[in-house]
Amino acid sequence: MIRFYFHPTPNPAKVALMLEETGLRYEVVPVDTSKGQQHDPAFRAINPNGKVPAIVDTDGPGGKEAVVFDSSAILLYLAEKTGKLLGQPLDRADLLSWLFFIGTGLGPFSGQAVHFQHAAPEGLDYAVNRYRREAERHYRVLDDRLAGRDFIVGGEYTIVDISAWGWVDRASRVLKGAENPLAPYPHIARWFAAIDARPAAARARKVGTEFEFKTARDEEARRALFPSNYPPVA
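A quick note: this is a predicted structure, and the numbers were derived from the prediction, not measured.

1. Focus on the pairing of strand β2 (residues 26-30)
Relative to β2, strand β1 (residues 2-6) is paired through 5 bridges, and the arrangement is parallel. Pairing of Tyr 5 across the sheet is with Val 29, part of β2. The handedness of the β1 to β2 crossover, carried by helix α1 (residues 10-22), is right-handed.

Given below as structure tokens:
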């Protein structure tokens, strides 16, 4: 059984899709990040970095419990556990390169673009421009990669497509103000439509909907989500 620590944001969404694609048994454990539950000692024991997603596999290697955090690590772990969605052995270098391109580039720059366009105080024009343009640059790299390709790596659907789906799904927030955010990236648009049409994607979108998560961006939420912006409590 997989215990899946979840909040409805892009990185947990990737893991939800992976779990649905592999058919592994799992239970959702909600972590309301706007209430600061990611900082609770019990969760920090699972992920010392205080971020979702994280999983606990009660049937890990050798029958021992395994704890995995960071969405890229979780995708790799589950793919290796099940032998699914890893692509062909000859494509391993490409798979790792593109998985970490998303994990260290497309994802973080998209996240910072969202933060500075939607959450940060007004007047930070340099930061807004910096992260928005870098997000756009990463989109162009991915769009070029998908020209003439159905999938990002090799000729089949892999964890790299799952990882990218989680963030491209939020393109309207990353590319704020664009009427059709994927219009400048036709290859991504075609690829995303195909991934999003998979039955597992529809199931992944329903994961966690039985839980009510805080949506208000009040002082409690800001302190929970952006603790480094505040001095430590003595």
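2. With respect to unusual backbone geometry
A cis geometry characterises the amide bond from Val 52 onward to Pro 53, with omega recorded as 10 degrees. Backbone geometry places Asp 70, a non-glycine residue, at a positive phi of 80 degrees. Summarising the element assignment, Asp 70 is placed in the loop between β4 (66-69) and α3 (71-82). At Leu 85, a residue that is not glycine, the phi angle is positive and equals roughly 65 degrees. With respect to the helices and strands, the residue Leu 85 is situated in the loop between α3 and α4 (92-119).

3. Focus on the packing of aromatic side chains
Scanning all chains against the criterion turns up 10 aromatic pairs. On the basis of an interplanar angle of 35 degrees and a centroid distance of 5.9 Å, the ring pair of Phe 109 and Tyr 131 is categorised as tilted. Separated by 22 residues along the polypeptide, Phe 109 in helix α4 and Tyr 131 in helix α5 (residues 125-146) bring together distant segments of the chain. Judged by its relative accessible area of 17%, Phe 109 is buried. Ring-pair connections join several aromatic residues into one group, and the members of that group are Phe 4, Phe 6, Tyr 26 and Phe 213.

Conventions adopted
- Residues numbered from 1 in each chain as written.
- Predicted model: local features only at pLDDT ≥ 70, side-chain atom pairs only at ≥ 80, totals over all residues.
- Heavy atoms only, no water.
- Pairing = 2+ DSSP bridges.
- Helix = DSSP H or I, 4+ residues; strand = E, 2+ residues; numbered from the N terminus.
- Right-handed = clockwise from strand over helix to strand, strands pointing away.
- Phe/Tyr/Trp six-rings, centres within 6.5 Å; stacked < 30°, edge-to-face > 60°.
- Buried < 20%, exposed > 50% of the residue type's maximum accessible area, 1.4 Å probe, protein only.

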